[in-house]
Amino acid sequence: MSQPRHHSGAMPDQVGYLRRRRRTAVLGRLPDAPATDRPPLRSVTGTVIEADSELLLLRTREGDGDGDQIRLWISSATTVWYGGRAGMEAVRPGRKVLVRCTVDGLGADRIWVDFVRATGTIVDIGKGFVEVDAGPHRGRLHIVIPSRSLSRVLVRHPIFEPGFLFDVIGISSTDGPLALLPGTSQPGYRADEVTAPRTTGTVSRELRGTVTWFDAAGPGAAYPALDSAGQAGGCPDAPVGCAGLPLLSLGSDLLVRNECAKRSATVAVTECGCTAALFCDRCVECGTSRRGRIVELTAASFVDLGGELEDGCFNATVTVR
């Protein structure tokens, strides 16, 4: 069966490219990242095959066989996160890990084990769990909240009721995501009460605000304001956030700069992030960002730009290419 075409006749994977060409023709090409910025780091995502105090062996591609394998050296400087500070005993065969590599790319600087993030609107609450609507692309999540973590989560999510927003970081379990710490502070309004920005007729191509991460494989970004027309990839009923974002399409390129780590990289939009538009919050990792989430990065892209998954966000400038 042939793939559907955009109204222009282009295939879906060409739409982002064509729009970038048109924007460049009208507005000119934007400058590259500041010369003083540091390059992105290198991370590796995979499944643990074997691990000890000296060596980590990962399978980086799922398949019928062993897939692609990579070996990374472990040293006394390697740190591990498994819901908190942990040791190499948490890096067990079969577990998913994200590894930030050493500068030479041969070793593991930091390892995150079985990490998850759950973001969305509370739809139901029970003893020890919460049900969250994570949006049309991520569905409904059953999140387990251990008693030892409940007070920590509630400190930054004081309105624990259906209709309000929820954002937690934790680890995977057989019962579903295990919430261990808040991703960010909960906005004080209901999810259906987001205030749209005042429009002036012009939307800047340089955006400032909060960048968060979501649990997806490989590099990429979820953008909160994808066009719902044609094959651009947007949701017809997507909320309008408070950040005042231009409409883009899947495949668009974003120059993302972590203002805290002073690292920049170009990241392609690979997914609709319409749930992020509901969060009119701020990141306070280095100063206070402008209000609103302007992009969600995959966990790997977030780490490549100097982010720490347990921090949940970083202050950023995003330029539409």
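In this text, all values refer to a predicted model and were calculated from it rather than measured experimentally.

Visitor: Outline the overall build of the chain, listing residues and values.
Guide: Looking only at helices and strands, one finds 3 helices and 18 strands in the chain. Out of the 321 residues in the chain, the part that is buried amounts to 50%. In the chain, the share of contacts with a sequence separation of at least 24, taken over all contacts with a separation of at least 6, comes to 66%. In the structure as shown, the chain presents an accessible area of about 15500 Å², 51% of it carried by carbon and sulfur atoms.

Visitor: Account for empty space enclosed by the protein, naming residues and giving values.
Guide: A full pass over the atoms with the stated rule returns 1 cavity of 30 Å³ or more. The computed volume of the largest cavity comes to approximately 50 Å³. Considering the residues around the largest cavity, the lining is formed by A134, G135, P136, H137, R138, C272, G273, C274, T275 and E296. Here the lining of the largest cavity is composed, by residue class, of 4 nonpolar, 4 polar and 2 charged.

Visitor: Pulling in residues and values, what's your account of the state of the cysteines?
Guide: The final tally for this structure, using the stated rule, is 3 disulfides. Between the sulfur atoms of C260 and its disulfide mate C286 the distance is 2.1 Å. A torsion of -80° about the S-S bond marks the disulfide between C260 and C286 as left-handed. In this pair, C260 sits in the loop between β15 (253-258) and β16 (263-272) while C286 sits in the loop between β16 and β17 (293-298), placing the two residues 26 residues apart along the sequence. A relative accessible area of 32% means that C260 is categorised as partly exposed. Here the disulfide map of the chain reads 1-3, 2-5, 4-6, the bonded cysteines being numbered as they appear in the sequence.

Visitor: Explain the packing of aromatic side chains to me, using residue names and the numbers behind them.
Guide: Each aromatic ring pair is characterised by the separation of its centres together with the angle its planes make. Using the criterion set out here, one finds 3 aromatic pairs in the structure. Plain terms: the ring middles of F160 and F166 are 5.9 Å apart, the flat faces sit at 50° to each other, and that makes the pair tilted. The ring of F115 is capped by K96, whose NZ or CZ atom sits 4.3 Å from the centre of that ring. Across from the ring centre of F279, 3.9 Å away, lies the NZ or CZ of R293, which sits over that ring.

Visitor: Can you break down the sheet that holds β16 residue by residue, with the values?
Guide: Spatial strand order, β13-β17-β14-β16-β15-β18: 6 strands in a closed barrel with mixed pairing. Strand after strand, the sheet turns through a mean of 45° between neighbouring axes, direction not considered. Where strand β14 (residues 221-223) lies against β16, 3 bridges are found, and the strand directions are parallel. Residue pairing across strands places A221 opposite V269, the latter belonging to β16.

Visitor: Let's hear about the pairing of β15: which residues, and what values?
Guide: Each regular strand carries side chains that alternate between the two faces of the sheet. Within β15, 5 of the 6 residues are buried, leaving the element largely enclosed by the surrounding structure. The sheet contact formed by β15 and β16 spans 6 bridges and is antiparallel. Note that in β16 the partner of D253 across the bridge is A268. A loop of 4 residues connects β15 with β16, the two strands running antiparallel in sequence, and K262 in this loop sits at a positive phi of about 55°. Note: β15 against strand β18 (residues 313-320), 5 bridges, orientation antiparallel. In the sheet register, R257 faces β18, and the bridge partner there is T317.

Visitor: For the pattern of salt bridges, give the residues involved together with the corresponding values.
Guide: In total, this model carries 16 salt bridges according to the counting rule given. As a salt-bridge pair, R208 and E259 come within 3.9 Å of each other at their nearest N and O atoms. In this pair, R208 is assigned in strand β13 (residues 206-214) and E259 in the loop between β15 and β16, connecting sequence segments 51 residues apart. Between E259 and R257 there is a salt bridge, with the nearest N and O atoms lying 2.5 Å from each other. This pair shows no difference in class: E259 is buried, exactly as R257 is.

Visitor: With reference to specific residues and values, describe the confidence of the model for the chain.
Guide: When the pLDDT values of the chain are averaged, the result is 86; 85% of them are 70 or greater. Every residue in residues 1-13 scores below 50 in pLDDT, and together they form 14 contacts with partners more than four places removed in sequence or on other chains.

Visitor: So what's going on with the sheet that holds strand β2 (residues 55-59)? Which residues, and what values?
Guide: Across the sheet, which stays open at both edges, the 7 strands sit in the order β3-β2-β1-β6-β7-β4-β5 with mixed pairing between neighbours. The two strands at the open ends of the sheet, each matched to only one other strand, are β3 (69-73) and β5 (85-86). Sheet topology note: the strand β4 (residues 79-81)/strand β7 (residues 108-113) ladder contains 3 bridges and is parallel. By the bridge assignment for β7, T79 is matched with R110.

Thresholds, definitions, all that
- Residues numbered from 1 in each chain as written.
- Predicted model: local features only at pLDDT ≥ 70, side-chain atom pairs only at ≥ 80, totals over all residues.
- Heavy atoms only, no water.
- Helix = DSSP H or I, 4+ residues; strand = E, 2+ residues; numbered from the N terminus.
- Buried < 20%, exposed > 50% of the residue type's maximum accessible area, 1.4 Å probe, protein only.
- Contact = heavy atoms within 4.5 Å.
- Areas by Shrake-Rupley, 256 points an atom, 1.4 Å probe, with all protein chains shown as cover.
- 1 Å grid on protein atoms, 1.4 Å probe; cavity = no way out; pocket = protein on both sides within 12 Å on 5 of 7 lines; lining within 4 Å.
- Points joined across faces, edges and corners; volume = space filled by probe spheres on them.
- Nonpolar A, V, L, I, M, F, W, Y, C, P; charged D, E, K, R; others polar.
- Disulfide = S-S within 2.5 Å.
- Phe/Tyr/Trp six-rings, centres within 6.5 Å; stacked < 30°, edge-to-face > 60°.
- Lys NZ or Arg CZ within 6 Å of the ring centre and 35° of its normal.
- Pairing = 2+ DSSP bridges.
- Axes fitted to C-alpha atoms, helices over the stretch in contact; angles between N-to-C directions.
- Salt bridge = Lys/Arg side-chain N within 4 Å of Asp/Glu carboxyl O.
- pLDDT = per-residue confidence, 0-100.

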